[in-house]
Amino acid sequence: MWLQTRCDFEFEIAEPTPFVLMLRPRSGPLQWVAREEYRLTPHAPVSEFVDVYGNLCQRLIAPPGPFSIHTSAEVKTADALDRAPGAPFVEVQALPDATLGYLLPSRYCESDRFNQMACEITAGRALGYDQVAAIEQWLRARIQYIPGSSDIPISAVEVNQRGQGVCRDLAHLGIALCRSLSIPARMVVGYLHGLEPMDMHAWFEAFVGGRWYTFDATQTELRGGYVVVGYGRDAADVAIYTQFGLPVFPIRYEVDVHRITPPGPNPATTD
């Protein structure tokens, strides 16, 4: 399906403030970014870099006064997500090098605290995909998803204790449970068509059967319409904006995702 995504921020800046933004989706095997718009008002010099997880990041210094960020993109993404019951567990010695960092405990995913619990949740399941599916099902049944209930990230241990959280929190606990079983798992942030209420969204992926698969315990069933903006170990790696200096908070923040007809050819590139 073709989607148009939009994210708008407005700030009131008191003094020159450094930002690192992560708002640009990039094309990959499961999505194609056909067009983009990225607008800063007033304009500020920007430099872009690719972080260690392959995410597109922008550095800038916001000037004092009103400052707004507008991004939008037209993206072709999957109509449905792949499911692979029975996909096997990949032995650690056979994992690609790039996945090894996603086996370790991280700031918000204390996987070294969850092995016994993960074994209980996945008892009787085939090693690999079926274990992760059991974790996803357990999260959906046992951790209450309450959009807007938390403004700051909390760790997997805290989520388990509270029994509730936002999408980011459920992803943290799912990641920690997977890693405790030696299954690489990573946080994903981006857009989801049809999300209610609309906002940026977080879910997780697990590496089984030789590839990454999507899991999202906040949704009753997996469907298409996901647009990835960033990957990381946990929320510390995938903040859509990071600001340094005196705290700055948005005075307006809006996200929109809707279906569009496929964009036509660019006249400048047609024969």
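Because the structure is a prediction, the values reported are computed rather than measured.

Each value, and the rule that gives it
- Residues numbered from 1 in each chain as written.
- Predicted model: local features only at pLDDT ≥ 70, side-chain atom pairs only at ≥ 80, totals over all residues.
- Heavy atoms only, no water.
- Pairing = 2+ DSSP bridges.
- Helix = DSSP H or I, 4+ residues; strand = E, 2+ residues; numbered from the N terminus.
- Axes fitted to C-alpha atoms, helices over the stretch in contact; angles between N-to-C directions.
- 1 Å grid on protein atoms, 1.4 Å probe; cavity = no way out; pocket = protein on both sides within 12 Å on 5 of 7 lines; lining within 4 Å.
- Points joined across faces, edges and corners; volume = space filled by probe spheres on them.
- Nonpolar A, V, L, I, M, F, W, Y, C, P; charged D, E, K, R; others polar.
- Left-handed = near helix turned anticlockwise from the far one by under 90°.
- Contact = heavy atoms within 4.5 Å.

Q: Can you tell me about the sheet that holds strand β6 (residues 65–77), naming the residues and giving the values?
A: With antiparallel pairing, the four strands of this open sheet are ordered in space as β3-β6-β1-β14. The sheet is open, and its two edges are formed by β3 (31–41) and β14 (252–259), each paired on a single side. Averaged over neighbouring strand pairs, the angle between their axes works out to 10° when direction is ignored. Here β3 runs beside β6; their pairing, made up of ten bridges, is antiparallel. Considered in β6, the bridge of E37 is made with S72.

Q: So what about the layout of surface pockets? Which residues, and what values?
A: In this structure, the largest pocket occupies an estimated 1300 Å³ of space. Counting only elements with at least two residues in the lining of the largest pocket, the list comes to α4 (167–180), β9 (185–192), β10 (201–208) and β13 (241–243). The element best represented in the lining of the largest pocket is β13, accounting for three residues. Size it by volume and the second largest pocket reaches roughly 530 Å³. Surrounding the second largest pocket, 27 residues form its lining, P29, L30, E205, V228 and Y231 being those nearest its centre. In terms of residue class, the lining of the second largest pocket is built from 13 nonpolar, nine polar and five charged.

Q: Describe the packing of helix α2 (residues 129–142) against α4, naming the residues involved and giving the relevant values.
A: In contact at an axis separation of 10 Å, α2 and α4 are set at 145° when each is read in the N-to-C sense. Crossing handedness for the pair α2 and α4: right-handed. Every residue of α4 that contacts α2 at V132, I135, W138 and L139 is listed here: L170, L173, G174, L177 and C178. Its residues assigned to classes, the contact of α2 with α4 comprises eight nonpolar, one polar and no charged.

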